[in-house]
Amino acid sequence: MRIQALAFRIVRQFIKDKRTLALMLLAPLLVLTLMKFVFDGQAVDPRIGAVKLPSPVIESLQKNGAVVIPYEDERTAMDRMAEAELDAVLSLKGLQPHITLEGSNPSKIRSVMEVAQKALQQLTGISGIQPALSYLHGSGDRDIFDYYGSVLVGFFSFFFVFLIAGVSFLRERTTGTLQRLLATPLRRWEIVAGYLLGFGLFTLLQATLIAWYSTSVLGIALEGSFLLVLFMNLLLALAALTLGTLLSAYAQNEFQMFQFIPLIVVPQIFFCGLIDLQSMPDWLQAVGKALPLYYGADALRGIMLRGDGWREIWIDSGALLGFAVLFASLNVLALRKHRRI
Amino acid sequence: MNLVTQPNDDSHSDCIAAVHVSRSFGKRTVLDDISLTVRKGEIFGLLGPSGSGKTTLVRLITGLDIPNGGTITLLGEKMPKLDILSRIGYMAQSDALYGELTAQENLEFFSALYGLRGTKLKSRIKEVAELVKLSDDLKKPVQLYSGGMKRRLSLAVALMHGPEVLVLDEPTVGIDPVLRKSIWDELDNLRRAGVTMLVTTHVMDEAEKCDRLAMIRDGKVIALGSPEQLKADSQASSMEDAFIAFRGGVA
């Protein structure tokens, strides 16, 4: 009897909370849909630059699934690869085939090698020909964790700052202290700025800790500058902080705040480079570019795996800063709901 | 000659003035054509049952909300105006305190918003804590406070920057009779010091302690005057009877 009453009450509460109900039913569908799109395109044909290769070799490579772009000189091909347009450059030094791999993505290394070996075997009729190898980045010792790790460093900064900042700003509202703050001469933007500053100190601490731990303790490759890693982490945390506080305006309690995780945070994982973006349809790639984590992960991967410097990451930094400014301004506007001036 | 700009004596001593104020949320009208003035140096009571619109009116007066119609003037300035907020002290209905911080830290935080600091801040904390009898508990985290202590601390927060006007939303709710009396004694002292106070309450005997009061029911002012005047007008012996006589008690 009591159990029934309890169950009834819960059902009633659920029906009244349409949002939670919708989340429970629709969010899994959304995530599953995303995963389908994302994993469907997983097999990516490697893009190989062919430097003055005879046409039978090119045809054979193409037959085995590579996208082959012919080049007349090695310099141009290498430059293209440095811009991440190519995964490998294949040339002949005398009769010895020579492959230079881009080297930052382990799964791409594997697929280039597979295609090249099959093609060479078909052409010569001999199996086990070993082409000479060299790497643009790293030396083939990069494992999957280096690749994913560089992205996860940014993701965790983002995720935890998002949640903590969001919940604490929410609590400011639910405990009535926000109302009380707004009854003082404090300006709305000052509240947002205060939060940025207060949390900024902790995010700096967190960013340092994560960056240090992942490179020194976990041994994730770090070719570029540690300070730049720190800087990118901080920018990511700033974007997360502003996004979290902004979204907390649209949650009634902590529980509803958590509902933003599958809606806002999880989709960003798909677009931050854990899964190859080039395998996705164009419109989906466009979605990725509207998310902060995309830029943070892109820059972090560059710094940690390819030794990118300020010249390569300034666009990513600018984008993240832009997001932070946008979210903060929207938050100032959202506070109008609580005080009009 | 100059009849339009000539201020009359009444408006000169007006501290808070609401003129034909109305506020509705969607289709629900919470305040309906409210007009009242609070004179400098008096304790003005807003008496009415819960849901009558007291808090909404208080929020309009403190500039947290904007009326759909009519105007609110506070210390001669049309609200909402940010500068005025530093001259009023506000005690919300719910204790807006940071539970994890100590009472002292709470006082320091809120005072800092008004620009108090240094030795002035320290002496002021001592003074105000004495006033609300929390001197011995300043170092305790607020989450360990009892309901009454939190209420007193909220009052202390409102008093810290020495405001000219105090807006107190149900200051004595959940406080035992002894403490309630001590808070009202304190309000009396503040009145003698020249502070103007707007106090909301739904307790009838508290209403008697106000200089003047407005009875509010369903967002309308049903009666306005001094407690004696209201009782005389309704030929009632108590405030409760007076409230009912003004059709306050019947839905």
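Residues numbered from 1 in each chain as written. Chains lettered and ligands numbered in written order. Predicted model: local features only at pLDDT ≥ 70, side-chain atom pairs only at ≥ 80, totals over all residues. Heavy atoms only, no water.

Novice: It is not clear to me how the sheet that holds strand β1 (residues 14–25) of chain B should be interpreted in this structure. Could you clarify?
Specialist: Sheet strands line up and pair through hydrogen bonds in the backbone, either parallel or antiparallel. All names here are of chain B. Reading across the sheet, the four strands line up as β2-β1-β4-β5 and stay open at both edges, with antiparallel pairing between neighbours. Either end of the sheet is taken by a strand with one partner, and the two such strands are β2 (28–39) and β5 (77–78). Across two bridges, the pairing between strand β4 (residues 69–74) and β5 is antiparallel. When the sheet's bridge partners are listed, Thr73 is paired in β5 with Lys78. In this fold helix α2 (residues 54–61) packs onto β1, β2 and β4, with an angle of close to 60° to the strand it touches most, β2. (Pairing = 2+ DSSP bridges. Helix = DSSP H or I, 4+ residues; strand = E, 2+ residues; numbered from the N terminus. Contact = heavy atoms within 4.5 Å. Axes fitted to C-alpha atoms, helices over the stretch in contact; angles between N-to-C directions.)

Novice: Would you take a moment to explain the environment of Leu222 of chain A for this structure?
Specialist: All names here are of chain A. Mapped onto the elements of the fold, Leu222 is located in the loop between α8 (188–217) and α9 (226–248). Between the alpha carbons of Leu222 and Ile303 there is a distance of 7.2 Å; along the sequence they are 81 residues apart. Those residues in contact with Leu222, other than ones at most four positions away along the chain, are Thr215, Val229 and Met304.

Novice: Any chance you could explain the packing of helix α5 (residues 147–159) of chain B against helix α6 (residues 177–192) of chain B here in plain terms?
Specialist: In helix packing, the relevant descriptors are the interaxial angle and the interaxial distance, both defined with respect to the helix axes. Residue and element names in this part refer to chain B. Viewed as axis vectors pointing N to C, α5 and α6 meet at an angle of 10°, and their least axial separation amounts to 11 Å. It follows from the interaxial angle that α5 and α6 lie roughly parallel. Every residue of α6 that contacts α5 at Gly148, Arg152, Leu155 and Leu159 is listed here: Leu179, Ile183 and Leu190. The class makeup of the residues in the contact of α5 with α6 is five nonpolar, one polar and one charged. (Parallel < 35°, antiparallel > 145°, perpendicular 65-115°, else oblique. Nonpolar A, V, L, I, M, F, W, Y, C, P; charged D, E, K, R; others polar.)

Novice: Quick question: what am I supposed to make of the interface of chain A and chain B here?
Specialist: Think of interface size as the accessible area that goes away when the parts come together; that is how it is often given. Facing the 18 residues of chain A at the interface are 21 residues of chain B. When chain A packs against chain B, the two sides together hide about 1,800 Å² of surface, and 64% of this comes from carbon and sulfur. Here chain A and chain B share zero salt bridges between them. The interface formed by chain A and chain B contains three residue pairs in polar contact (both at pLDDT 80 or more). Only α6 (144–174) and α7 (177–182) of chain A provide two or more residues apiece to the side of chain A that touches chain B. Considering each element in turn, the side of chain A that touches chain B owes the most residues, five residues, to α7 of chain A. The residue inventory of the side of chain A that touches chain B, partitioned by class, reads six nonpolar, six polar and six charged. (Buried area = accessible area lost by both parts, 1.4 Å probe. Salt bridge = Lys/Arg side-chain N within 4 Å of Asp/Glu carboxyl O. Polar contact = N/O pair within 3.5 Å; in protein donor to acceptor, adjacent residues only side chain to side chain.)

Novice: Please clarify how the pattern of salt bridges should be interpreted in this entry.
Specialist: Side chains that differ in sign of charge can pair as their charged atoms come close. Residues and elements named next belong to chain B. Under the criterion given, the structure shown has 21 salt bridges over all chains. Measuring nitrogen to oxygen at the nearest pair gives 2.5 Å for the salt bridge that ties Asp211 to Arg191. Note that Asp211 is positioned in the loop between α7 (204–207) and β9 (212–217) and Arg191 in helix α6, a separation of 20 residues in sequence. Classification of Asp211 by relative accessible area gives partly exposed; the value is 28%. Overall, Arg191 belongs to the partly exposed group, its relative accessible area being 22%. (Buried < 20%, exposed > 50% of the residue type's maximum accessible area, 1.4 Å probe, protein only.)

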